[in-house]
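Chain by chain, the residues run as shown.
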Amino acid sequence: MTLDFSKGLVPAVVQDAETGKVLMLAYMDEEAWSKTRETGQAWFHSRTRGLWEKGATSGNTMEVVETRIDCDADTVLLRVKPSGPACHTGAESCFFNLAD
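First, a word on what this report is: a plain description of the structure on this page.

**Here we look at the sheet that holds strand S6 (residues 76-82)**
Hydrogen bonds between backbone groups are what pair the strands of a sheet, and the pairing can be parallel or antiparallel.
Piece 1. Across the sheet, four strands lie side by side as S2-S1-S6-S5; this open sheet has mixed pairing. Among the strands making up the open sheet, the edge pair consists of strand S2 (22-28) and strand S5 (62-69). Going from strand to strand, the sheet's axes swing by 25 degrees on average, the running direction of each strand aside.
Piece 2. Against the sheet, helix H1 (residues 30-39) contacts S2, S5 and S6, and its axis sits at roughly 120 degrees relative to S5.

**Describing the pairing of S5**
Piece 1. Relative to S6, S5 runs antiparallel, the two being bridged by seven bridges. Residue pairing for S6: glutamate 63 is matched across the bridge by lysine 81.
Piece 2. Here S5 folds back onto S6 in antiparallel fashion, the turn holding six residues, of which alanine 73 has a positive phi close to 60 degrees.

**Some details on the packing of aromatic side chains**
Piece 1. The tally for this structure, following the rule as stated, stands at one aromatic pair.
Piece 2. Centroid distance phenylalanine 44 to tryptophan 52: 5.3 Å. Interplanar angle 50 degrees. Geometry classified as tilted.
Piece 3. We classify tryptophan 52 as buried; its relative accessible area is 18%.
Piece 4. One cation-aromatic arrangement involves lysine 35 over tryptophan 43; the distance from NZ or CZ to the ring centre is 4.7 Å.
Piece 5. In this structure, arginine 49 is placed above the aromatic ring of tryptophan 52, and the distance from its NZ or CZ to the ring centre is 4.2 Å.

**As for the pattern of salt bridges**
Piece 1. Throughout the structure, instances matching the rule amount to three salt bridges.
Piece 2. A salt bridge links lysine 21 to glutamate 92; its shortest N-O distance comes to 3.0 Å. In this pair, lysine 21 is assigned in the loop between strand S1 (10-16) and S2 and glutamate 92 in the segment after S6, connecting sequence segments 71 residues apart.
Piece 3. Using a relative accessible area of 43% as the deciding quantity, one classes glutamate 92 as partly exposed.
Piece 4. Linking glutamate 66 and arginine 68 is a salt bridge whose minimum nitrogen-to-oxygen distance equals 3.0 Å.
Piece 5. Classification of arginine 68 as partly exposed rests on a relative accessible area of 48%.
Piece 6. Salt bridges here are not isolated pairs; linked through shared partners, they connect Glu66, Arg68 and Arg79.

The rules behind these values
- Every chain is numbered on its own, with residues counted from 1 as its sequence reads.
- Per-residue local features of the predicted model are confined to residues with pLDDT of at least 70, and side-chain atom pairs are confined, for both listing and counting, to 80 or more; whole-chain, interface and lining totals are unaffected and use all residues.
- The basis for every side-chain value is the complete set of heavy atoms in the structure, and neither hydrogens nor water enter the calculation.
- Strands pair, by our definition, only if DSSP identifies at least two bridges between them.
- Going along the chain from the N terminus, every DSSP run of H or I of four or more residues is numbered as a helix, and every run of E of two or more is numbered as a strand.
- The convention used is that axes are lines fitted to C-alpha atoms, helices contributing only their stretch in contact, and that angles between N-to-C directions extend from 0 to 180 degrees.
- The contact rule is simple, with two residues in contact once any of their heavy atoms fall within 4.5 Å.
- Two rings belonging to Phe, Tyr or Trp (six-membered ring only in the last case) form a pair when the distance between their centres is within 6.5 Å. Interplanar angles under 30 degrees mark stacking, angles over 60 mark edge-to-face geometry, and anything in between is tilted.
- Per-residue accessibility, obtained with a 1.4 Å probe over protein chains only, is compared with the maximum for each type, and a residue is labelled buried under 20%, exposed over 50%, and partly exposed between these values.
- Only when the NZ of Lys or the CZ of Arg is both within 6 Å of the ring centre and within 35 degrees of the ring normal is a charge said to sit over the ring.
- Every case where a carboxyl oxygen of Asp or Glu lies within 4 Å of a side-chain nitrogen of Lys or Arg is listed as a salt bridge.

Note that all results are geometric; they support no functional claim without further evidence.
Have a look at this one:
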């Protein structure tokens, strides 16, 4: 199955392949998807930064061990081996805030 980029960016849910914990949500364009598949490392697209490799600055890279595409082909799940925390705050996951 191929990802559908016809509406622009697609959400990329990032999950720890070992624990199953959801680490972060980012977005991909065709170039980020291609770089991820080519290198085995997680690449994303940011509206402010453009194309970026997770961990290129922090060292907290993510080795992609499996990719899955949802039933509508408009969201991707990256199952990864993280080399450090996923969140820019230093937290293991970006999802550490409880909703009110």
